[in-house]
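Report on the structure
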Amino acid sequence: MTGGDFFLMCNEKHQGAVPILENKQQLPKASQNNKWFAGMATKDEMHVLRPPRGTPQPDAGDQRRIVAVLNGMIVERLKSAFKQKGVAVPPSLEDAKYSLPVSGISTYTIALASTKSGAASITLHPPTFASWRENYERDFREKAAESGGGPLAK
């Protein structure tokens, strides 16, 4: 199961909480997955992904589109962290169609933490994602505007 699908399922059936898993060793990985997806989402996106109780369920297509964007942002954040550490980005993260598995974030953060490099430590905590995303989207818009357009250039 992809991390995004798991995040959607938890939001739909458990108000964002991670359910009890058969393999209890997977609980920390599943929790980290959901914290990262929620941390990367804007308030408006979270309103669509986890609507308040008693409100109509949003369109599933809208939810999937948001999760695809969040997956892409998380992949970009991980790639950025590898580059900041001066380490080669894993090939799977370079694949534009890569969907993180539930355990993917944990796997990559462990790899980053175990990397011995002269670079300073890198903060990869969900509370820092809003400012990272803001900078990433601003840089993306600027590059798109310089090259003549793109989906975020407006």
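To be clear, the structure that these remarks concern was listed above.
What comes next concerns the included structure. (Residues numbered from 1 in each chain as written. Predicted model: local features only at pLDDT ≥ 70, side-chain atom pairs only at ≥ 80, totals over all residues. Heavy atoms only, no water.)

This part is about the packing of helix 2 (residues 27-40) against helix 4 (residues 60-84). In the contact formed by helix 2 and helix 4, the axes pass within 9 Å of each other and the chain directions differ by 100°. Taken as axis vectors, helix 2 and helix 4 run roughly perpendicular relative to one another. Residues W36, F37 and M40 of helix 2 form the contact with helix 4, whose participating residues are V67, L70, N71, M73, I74, R77 and L78. (Axes fitted to C-alpha atoms, helices over the stretch in contact; angles between N-to-C directions. Helix = DSSP H or I, 4+ residues; strand = E, 2+ residues; numbered from the N terminus. Parallel < 35°, antiparallel > 145°, perpendicular 65-115°, else oblique. Contact = heavy atoms within 4.5 Å.)

Turning next to the packing of aromatic side chains. Both the distance between ring centres and the angle between the ring planes are used here to describe each pair of aromatic rings. Under the defined criterion, the tally for this structure stands at six aromatic pairs. Ring geometry for W36 against F129: centres 4.8 Å apart, planes inclined by 70°, an arrangement best described as edge-to-face. Taken as a pair, W36 in helix 2 and F129 in helix 7 (residues 129-146) lie far apart in primary sequence, 93 residues in all. Each member of the pair, W36 as well as F129, is classed as buried. (Phe/Tyr/Trp six-rings, centres within 6.5 Å; stacked < 30°, edge-to-face > 60°. Buried < 20%, exposed > 50% of the residue type's maximum accessible area, 1.4 Å probe, protein only.)

Bringing helix 2 into the picture now. The first and last C-alpha atoms of helix 2 sit 20 Å apart over 14 residues, in line with the 20 Å expected at 1.5 Å per residue. Of all the positions in helix 2, only A30, N33, N34, W36, F37, G39 and M40 are classed as buried. (Expected span 1.5 Å × (residues − 1).)

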